[in-house]
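Topology and contacts: notes
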Amino acid sequence: MIIHPERWKSLLGRYGQDRPHRMLALDGGGIRGLITLGILKRIEELIADRMRLKLCEYFDYIAGTSTGAIIAAGLSRGMTTSELIDFYLSCGKQMFEPAWIVERIKYFYTADPLKAKLQEVFGAETTLEPASQASNESVKCLLLVVTKNVTTDSPWPISSNPDAKYNDPSRPDCNLRIPLWQLVRASTAAPVFFPPEVLQWDPRDPSKTFVFVDGGVTPHNNPAFLLYRMATEPSYRLNWKTGESNLLMVSIGTGAAESLGETAAKPSRNIVSTVAGLPEGLMYSIQVDQDISCRTIGRCTYGAALDHEILDLVPRQVDQGMTIEERYNAPPIPLSRNLGRSFLYARYNADLSRRGLDEMGFGNLDPSSIQKMDAVENMSALIEIGKAASKFVNAAHFGPFI
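Residues numbered from 1 in each chain as written. Predicted model: local features only at pLDDT ≥ 70, side-chain atom pairs only at ≥ 80, totals over all residues. Heavy atoms only, no water.

This next bit is on the overall build of the chain. When you go through the chain residue by residue, the secondary structure sums to 16 helices and 9 strands. Classification of the 402 residues of the chain by burial places 52% in the buried group. Put simply, 71% of the contacts in the chain that link residues at least 6 apart link residues at least 24 apart. (Helix = DSSP H or I, 4+ residues; strand = E, 2+ residues; numbered from the N terminus. Buried < 20%, exposed > 50% of the residue type's maximum accessible area, 1.4 Å probe, protein only. Contact = heavy atoms within 4.5 Å.)

See below:
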């Protein structure tokens, strides 16, 4: 239910209707965002073939964290997956390679070519504010960018919802006025690798100047459940209806694999590598936890098995005496039978473990290299992994929304 129709401008015709909505959530993961784009390309083709729509027209609300924010922002402006892949190929080194850290520090004092490129791609003057008339310089659907405010030590999910409390145009610190390119840069400012992004929220109040780093270090590296909350919880003033026929959530990862550490035989043997891998290990754990929340509150139509106890949480036609394997292979309950869940949910990702790569036909790739979020030399391989993972995308997972 829209509260202030005058704020929605060119988006009013689309969002002023009481109808089902479709949401897209994109994980963080550095250069591995190319895997996300490979999966998205298949969805893009499916939507274009079935409904003749672009992704920004099909999805009503797109959320992204870190590298996912880059993709989400591009999609919200009408970019295609091919255009975004080209952007990654041309700027991946500047965005993600650690060797650029010296140059990044230098750019505090000189012209930053990445800043210029982000302004070129996302628009130097583009903000989250809806335009009076639809144009290439405005966002075409609702957008959520996840970043972290280290000044307040809190996650800051910045939404383009015109009715949101901190998007009130009468506020001097209105979120909608922050340049889109700068929000994207803030969400991708990975600690250790890149300098933080400093934003003055209120031009007339220096105390409203905050320091931001990568949203991937918040609990929302997978922003799917956050997106659901911000679309439905009344405090966020969007108030979309819940229900299996009212909401669809599609969540896409950047590839995942468990980080194996110490063994019982030699509990301290791997302690150095374990400490070094804590950030990625934490991100993996958070991603799984957010995924489980979506699969239990929503109705999962597709997703890889999470563990041997809960499997994939796809509701299936099972009998009490079935073995684990029989339960996992039992047919799903038809979507025509409403189970009363809050939304339909599909989760696509790629298994970057040794076994996962082998099963996708990439036995020649080194998992320890592919799993790195800053290995720009893997860009071509990551695109191919995304294509392989996209083969699991099926229109049936989208239920009545396609």
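Put plainly, a disulfide is one covalent bond tying together the sulfur atoms of two cysteines. Inspection of every chain in the model, using the stated rule, returns 0 disulfides. Cys-294 carries a free sulfur, and the closest cysteine sulfur to it, the one in Cys-300, is 9.4 Å from it. You can call Cys-294 buried: its relative accessible area is 0%. (Disulfide = S-S within 2.5 Å.)

A separate point is unusual backbone geometry. The phi angle at Arg-237 is positive, at roughly 65°, despite the residue not being glycine. Note that Arg-237 resides in the loop between α10 (224-232) and β7 (247-252). In this structure Arg-237 comes out as partly exposed when scored by relative accessible area, which is 34%. Its identity is not glycine, yet Leu-311 carries a phi of approximately 55°, on the positive side. Within the secondary structure, Leu-311 sits in the loop between β8 (299-302) and α13 (324-329).

This part covers the packing of aromatic side chains. Counted under the stated rule, the structure contains 16 aromatic pairs. Ring geometry for Tyr-228 versus Phe-343: centroids 4.7 Å apart, planes at 40°, classification tilted. Taken as a pair, Tyr-228 in helix α10 and Phe-343 in the loop between α13 and β9 (344-348) lie far apart in primary sequence, 115 residues in all. Comparing Tyr-228 with Phe-343 shows no difference in burial state: the two are buried. Directly above the ring of Tyr-328 sits Arg-316, whose terminal nitrogen or CZ lies 5.7 Å from the centroid. (Phe/Tyr/Trp six-rings, centres within 6.5 Å; stacked < 30°, edge-to-face > 60°. Lys NZ or Arg CZ within 6 Å of the ring centre and 35° of its normal.)

The N-to-C vectors of helix α3 (residues 33-51) and helix α5 (residues 67-76) enclose an angle of 40°; their axes lie 9 Å apart at closest approach. Relative to α5, the element α3 is oriented oblique. For the pair α3 and α5, the crossing hand works out as right-handed. Contacts from Gly-33, Thr-36, Leu-37 and Leu-40 in α3 reach Thr-67, Ile-71 and Leu-75 in α5. Here the residues of the contact of α3 with α5 are counted per class, giving 4 nonpolar, 3 polar and no charged. (Axes fitted to C-alpha atoms, helices over the stretch in contact; angles between N-to-C directions. Parallel < 35°, antiparallel > 145°, perpendicular 65-115°, else oblique. Left-handed = near helix turned anticlockwise from the far one by under 90°. Nonpolar A, V, L, I, M, F, W, Y, C, P; charged D, E, K, R; others polar.)

Attention now goes to the environment of Lys-93. As for its position among the elements, Lys-93 is in helix α6 (residues 81-96). With 62 residues separating them along the chain, Lys-93 and Ile-31 place their C-alpha atoms 8.9 Å apart.

The next subject is the pattern of salt bridges. This model, assessed by the stated rule, comprises 16 salt bridges. In this structure, Arg-316 engages Asp-312 in a salt bridge whose closest nitrogen and oxygen atoms are separated by 2.6 Å. Here Arg-316 and Asp-312 have matching classes, each one buried. The network of salt bridges with shared partners includes Arg-14, Arg-19 and Asp-60. (Salt bridge = Lys/Arg side-chain N within 4 Å of Asp/Glu carboxyl O.)

What follows concerns the nonpolar core. Ile-43, Tyr-61 and Ile-385 are the most contacted members of the largest nonpolar core, which has 104 residues in total. For this core, the element with the highest residue contribution is α3, accounting for 8 residues. Other than its neighbours up to four places away in sequence, Ile-385 contacts Ile-35, Ala-350, Leu-352, Leu-357, Met-360, Phe-362, Leu-365 and Ile-370. (Core = buried A, V, L, I, M, F, W, Y, C linked by side-chain atoms within 4.5 Å.)

A word on α10. Among the 9 residues in α10, 8 count as buried, and that is most of the element. Listed as buried for α10 are Ala-224, Phe-225, Leu-226, Leu-227, Tyr-228, Met-230, Ala-231 and Thr-232.

Turning to the pairing of strand β2 (residues 61-65), a few remarks are in order. Within β2, 5 of the 5 residues are buried, leaving the element largely enclosed by the surrounding structure. Because side chains alternate across β2, one face comprises the buried residues Tyr-61, Ala-63 and Thr-65, and the other comprises Ile-62 and Gly-64, equally buried. The pairing of strand β1 (residues 21-26) with β2 spans 4 bridges and is parallel. Considered in β2, the bridge of Met-23 is made with Tyr-61. Sheet topology note: the β2/strand β3 (residues 142-149) ladder contains 5 bridges and is parallel. Note on β3: the bridge partner recorded for Thr-65 is Val-146. (Pairing = 2+ DSSP bridges.)

Bringing helix α9 (residues 180-187) into the picture now. In terms of burial, α9 is largely enclosed, as 8 of its 8 residues are buried. Residues of α9 that are buried include every one of Leu-180, Trp-181, Gln-182, Leu-183, Val-184, Arg-185, Ala-186 and Ser-187, and no others.

Turning to the pairing of strand β4 (residues 154-159), a few remarks are in order. Here β3 runs beside β4; their pairing, made up of 6 bridges, is antiparallel. Bridge pairing in β4 places Asn-149 opposite Ser-154. Counting the residues in the hairpin turn of β3 and β4 gives 4 residues, including Asp-153, whose phi is positive at 55°.

For residues with low pLDDT, the predicted coordinates do not support detailed interpretation. Across the chain, the average pLDDT comes to 88, with 88% of residues at 70 or higher. Counting interchain partners and residues more than four positions distant, the pLDDT-below-50 stretch residues 107-111 has 5 contacts. The low-confidence segment residues 271-278, where pLDDT is below 50, has 3 contacts with residues more than four positions distant or belonging to other chains. (pLDDT = per-residue confidence, 0-100.)

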